[in-house]
Amino acid sequence: MFKIVTDSTADLPAEYLKEHDLGCINLSYIMDGVTYGQGQELPEKEFYALMRSGKMPTTSQVNPEEAKNHFLNYLKENKEILCIAFSSGLSGTYNSMRVAAEEIMEEQPDCRIIVIDSLCASLGEGLLVHKAVTLRDQGKSLEEVAEWVKNNRLHLVHVFTVDDLYHLYRGGRVSRATAVVGTLAGIKPKLHVDDEGHLIVIGKVRGRKKSLHALVDYMEEKMGSYRDQNDIVFISHGDDLPAAELVRDLVKERFGIDSFLINYVGPTIGSHSGPGTLALFFMGEER
């Protein structure tokens, strides 16, 4: 059986990675002068507490050498790897992994590494990985699963809101004026990840509770004929579990879905979206 590898921006819980024998390459970040990533982790609760106290983390992508070392390690057990990578619209990580895979396959022709640009982020990438794991466990081949992922990644719909526009302004996602006026007026943006894998503002709602309801409205609008493919829905949050649970209950009530995976927005994406982010991920006809 081939090995599925992803990166830490998929925001999958450690126990999920372990249970499904997934490889994970961590992107590093610097918080308060300390570098975290592979081997040294900061608990998410602590990460967001530091952000709320005014600390501003900086993030970095995986470089080809790091990717190569990880792949070589995984190849000791499996000669075939499917790597589902963080959106190329948000990071150079996918490109580093692609370069590393090509180098290894030149050096070791008996190995097969397929690297796919997920065009997804956070638990959107995580849900795509989950779908790949399900297919692998059903006995599908490396090529069959890779083909499915490529054909279906743009049906992986992301919709999210943030509690504080400042972090999006800092990352160049909204203008300073939008951040200042929006914050004063209690405006909460609705964003998604487009077909090129970029974060895009697609609307705005006044007030936190309305913004959470708007995510579920968007799900109703986008699911279409893919409704039956939503046997499980993923939700990620920037240290606001009650908001995640509210969205879960709204989805359950409206669509009758009762299987969910809820986890933190990890540090790489959380550095740019900030505390209070709430994101909903599901299969739909289009993004």
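Use the structure listed above.
Residues numbered from 1 in each chain as written. Predicted model: local features only at pLDDT ≥ 70, side-chain atom pairs only at ≥ 80, totals over all residues. Heavy atoms only, no water.

The subject of this paragraph is the sheet that holds strand β1 (residues 3-7). Sheets are built from strands that pair by backbone hydrogen bonding, the pairs being arranged parallel or antiparallel. Strand order in this open sheet of four strands is β2-β1-β6-β7, and the pairing throughout is parallel. With one partner strand each, in any of the chains shown, β2 (23-25) and β7 (112-117) form the two edges of the open sheet. Averaged over all pairs of adjacent strands, the angle between their axes in this sheet comes to 20°, without regard to strand direction. One ladder, built from three bridges, connects β1 with β2; its direction is parallel. Opposite D7, over in β2, you have I25 as the bridge partner. (Pairing = 2+ DSSP bridges. Helix = DSSP H or I, 4+ residues; strand = E, 2+ residues; numbered from the N terminus. Axes fitted to C-alpha atoms, helices over the stretch in contact; angles between N-to-C directions.)

With that settled, consider the environment of T277. Mapped onto the elements, T277 comes out in the loop between α11 (267-273) and β13 (278-283). Along the backbone, T277 and F86 are 191 residues apart, and their C-alpha atoms lie at a distance of 19 Å. Beyond its immediate chain neighbours, meaning those up to four positions away, T277 contacts F160, T161, V162, S236, H237, G238 and V265. (Contact = heavy atoms within 4.5 Å.)

Among the six residues of β7, five are classified as buried, and the element is accordingly described as predominantly covered. Note that strand β6 (residues 80-85) and β7 share six bridges and pair parallel. Bridging across to β7, I81 finds its partner in I113. Of the crossover connections in this fold, the one passing from β6 over helix α4 (residues 93-107) to the parallel β7 is right-handed. (Buried < 20%, exposed > 50% of the residue type's maximum accessible area, 1.4 Å probe, protein only. Right-handed = clockwise from strand over helix to strand, strands pointing away.)

Another aspect to go through is helix α6 (residues 142-152). Along α6, the positions that sit buried rather than exposed are L142, V145, A146, V149 and N152. One face of α6 carries all of its buried residues, which in axial projection span an arc of 150°. The elements touched by buried residues of α6 are β6, β7, α5 (122-137), β8 (156-161) and β13. (Arc of directions from axis to C-beta.)

What follows deals with the layout of surface pockets. Estimated volume of the largest pocket: approximately 510 Å³. If you list the elements that add at least two residues to the lining of the largest pocket, you get β1, α1 (14-19), β12 (260-264) and α11. Taken together, the residues that form the lining of the largest pocket break down as 14 nonpolar, eight polar and five charged. When its volume is computed, the second largest pocket comes out at roughly 350 Å³. Those elements that provide at least two residues to the lining of the second largest pocket are β8, α11 and β13. With four residues, α11 is the largest single contributor of residues to the lining of the second largest pocket. Each residue belonging to the lining of the second largest pocket can be placed in one class, and the counts come to eleven nonpolar, twelve polar and one charged. (1 Å grid on protein atoms, 1.4 Å probe; cavity = no way out; pocket = protein on both sides within 12 Å on 5 of 7 lines; lining within 4 Å. Points joined across faces, edges and corners; volume = space filled by probe spheres on them. Nonpolar A, V, L, I, M, F, W, Y, C, P; charged D, E, K, R; others polar.)

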